[in-house]
Amino acid sequence: MTDSRIDLRNPLLAALLAFLFPGAGHAYQRRYFKAVIYSVCILGIYFWGCSLGEAKAVHFHLDPQKITGGRSSGRKTTAGFLAQTGVGMMALPAIVQDLRYTEQSEKEESDRRPGEILEEIDAEFTGKLNHVTFGHAEITGKISGVVRVGDYGFGTEFEGTFNGQTSDGNPVQFDLLGSRNSGSLQLGDRVTGLDNVTMSELVLETQELEFSGERRRFFVRVIDKTADLGMIEGTIARPFYNHYLAPLDSESLQYLNGKLGKQYELALVYTWIAGLLNILAVWDAFQGPAYGYGDEEPEEDSDEKSSEKAESADAPEAATAATAAAGASS
Amino acid sequence: MIASLLLLAVAQNTTWYVLPLAGAISLVYSASRYELTERILKRAARLFITITGFMLTVFVILWLLSANL
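Criteria and cut-off values
- Residues numbered from 1 in each chain as written.
- Chains lettered and ligands numbered in written order.
- Predicted model: local features only at pLDDT ≥ 70, side-chain atom pairs only at ≥ 80, totals over all residues.
- Helix = DSSP H or I, 4+ residues; strand = E, 2+ residues; numbered from the N terminus.
- Buried ≥ 20, exposed ≤ 12 C-beta atoms within 10 Å, placed from the backbone.
- Contact = placed C-beta atoms within 7 Å.
- Nonpolar A, V, L, I, M, F, W, Y, C, P; charged D, E, K, R; others polar.
- Domains from an automatic or database assignment.
- Axes fitted to C-alpha atoms, helices over the stretch in contact; angles between N-to-C directions.
- Left-handed = near helix turned anticlockwise from the far one by under 90°.
- Pairing = 2+ DSSP bridges.

### Remarks on the overall build of chain B
Step number 1: Each helix and strand in chain B was counted, giving 3 helices and 0 strands.
Step number 2: N-terminal to C-terminal, the α/β element order of chain B is α-α-α.
Step number 3: Looking at chain B as a whole, 22% of its 69 residues qualify as buried.

### Quick word on the interface of chain A and chain B
Step number 1: Taken residue by residue, the interface counts 24 residues in chain A and 16 residues in chain B.
Step number 2: For the side of chain A that touches chain B, the elements supplying multiple residues, two or more each, are helix H3 (32-52) and helix H8 (262-287) of chain A.
Step number 3: A class-by-class count of the residues in the side of chain A that touches chain B yields 17 nonpolar, 2 polar and 5 charged.

### Focus on the domain arrangement of chain A
All names here are of chain A.
Step number 1: The domains assigned to chain A are domain 1 (11-91 + 250-287) and domain 2 (112-242).
Step number 2: The interface is formed by 5 residues belonging to domain 1 together with 6 residues belonging to domain 2.
Step number 3: Split by residue class, the side of domain 1 that touches domain 2 holds 1 nonpolar, 2 polar and 2 charged.

### Describing the packing of H3 of chain A against helix H2 (residues 18-33) of chain B
Step number 1: It is the contact of H3 of chain A with H2 of chain B, at a shortest axis distance of 10 Å, that shows an interaxial angle of 145°. Both H3 of chain A and H2 of chain B take part in a crossing whose hand is left-handed. Here Lys34, Ile37, Tyr38, Cys41, Ile42, Gly44 and Ile45 of chain A of H3 of chain A come into contact with H2 of chain B, specifically with Leu21, Ala24, Leu27, Val28 and Ala31 of chain B.
Step number 2: Its residues assigned to classes, the contact of H3 of chain A with H2 of chain B shows 10 nonpolar, 1 polar and 1 charged.

### Regarding the environment of aspartate 63 of chain A
Step number 1: Looking at the element boundaries, aspartate 63 of chain A is found in the loop between H3 and helix H4 (64-67).
Step number 2: Expressed as a C-alpha distance, the spacing of aspartate 63 of chain A and threonine 102 of chain A, which sit 39 residues apart in the sequence, is 9.2 Å.

### What to know about unusual backbone geometry
Residue and element names in this part refer to chain A.
Step number 1: A positive phi angle, close to 50°, is found at glutamate 54, a residue other than glycine.
Step number 2: For glutamate 54, the location among the structural elements is in the loop between H3 and H4.
Step number 3: Note on glutamate 54: 15 C-beta atoms within 10 Å, which makes it partly exposed.
Step number 4: The backbone of alanine 55 sits at a positive phi, close to 65°, despite the residue not being glycine.
Step number 5: Among the structural elements, alanine 55 can be located in the loop between H3 and H4.
Step number 6: Classification of alanine 55 as partly exposed rests on a count of 17 C-beta atoms within 10 Å.

### Comments concerning the pairing of strand S3 (residues 155-166) of chain A
Regular strands show a simple pattern: their side chains alternate between the two faces of the sheet.
Residue and element names in this part refer to chain A.
Step number 1: Of the strand pairs in this sheet, strand S2 (residues 135-150) and S3 are connected by 12 bridges, and their pairing is antiparallel. Bridge pairing links valine 146 to glutamate 159 in S3.
Step number 2: Between S3 and strand S4 (residues 171-179), which pair antiparallel and follow one another directly, the connecting turn spans 4 residues, one of which, glycine 169, has a positive phi of 90°.

### Brief notes about the environment of isoleucine 6 of chain A
Step number 1: On the secondary structure map, isoleucine 6 of chain A appears in the segment before helix H1 (11-20).
Step number 2: A C-alpha to C-alpha distance of 8.9 Å links isoleucine 6 of chain A and glutamine 29 of chain A, two positions 23 residues apart in sequence.
Step number 3: If we skip the residues at most four places from it in the chain, isoleucine 6 of chain A touches Gly288 of chain A together with Glu35 of chain B.

Put into structure tokens, the structure is as follows:
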């Protein structure tokens, strides 16, 4: 039973607030010391975990078998996310990101709506050029165009332009056209937590895997009317809301585990524990402290209890001994 | 002996991570049990010592058992 000295105000609202933001429910109940303990400890552990996992420790996909290629790690990810949701508002956006990710995949897989614009791209590009005239060069500039889904070889097509300059300052302008199915377009997912942005051997001497959440892979064919002039390979920016807490595919998870090793495991454990600890805080906001106010008769420890029992058991013997000693002295 | 000390030094990097975690768990658990500030802090300190003491004991036992391996 809740102690009458604790004003829980509206317990349901407090519990909801405590769930959404650790400590908020207790602040609403004016239990400020607890609010500080819960928010600092729970959020501290949670964000530390996020930082150890390079912000990729929290992710969710409703159909993990699909995303991990049927491996059992998918189930582990889902169960782990269930623990992480305890932190409320910090982890819940992962569900929205999963919906966006799924919608994007389903849309791209659909070939029933030829010509449908999947997205318009207008982003800064940085990368390399493999061109018949300009040769190999570092280029930066602006990519603009549209991605369509349709029967362009039964796949996705990009049509657009590039305006920019080479690393030595020469202005360049190209028309771009590529189809995913013919291999002349490689475009990273719009919504994803992490993505392979490794460039091909054509433009790189050393092949080293590179993954990024902030950048999006963009390889496309450079054309002049219909003549093929080469490729540009690089990345365009992926906005924060398109990679934060977004699902990770099995390749990205493998990369993360390889890169971070034990640190990634620690990151997961920290975020799980933070979520689970907040369950205690939510219950405290709803029902009050489990053992009472704290100024009741102090509970004796089991060892103290046992020593007390021993003392009380010894007491008659001691009294008998004292009587005997008194008798002997008299 | 030197090899095991070296191993210990390497292991230390991640072993230390348990201390703030144990501290946070102790504080949150105790805060969910009582309302009085003093009581919460006292119980949290005791729980923290219990957790770290237990882990230290297990660590020492495992270290001794593996000393001659």
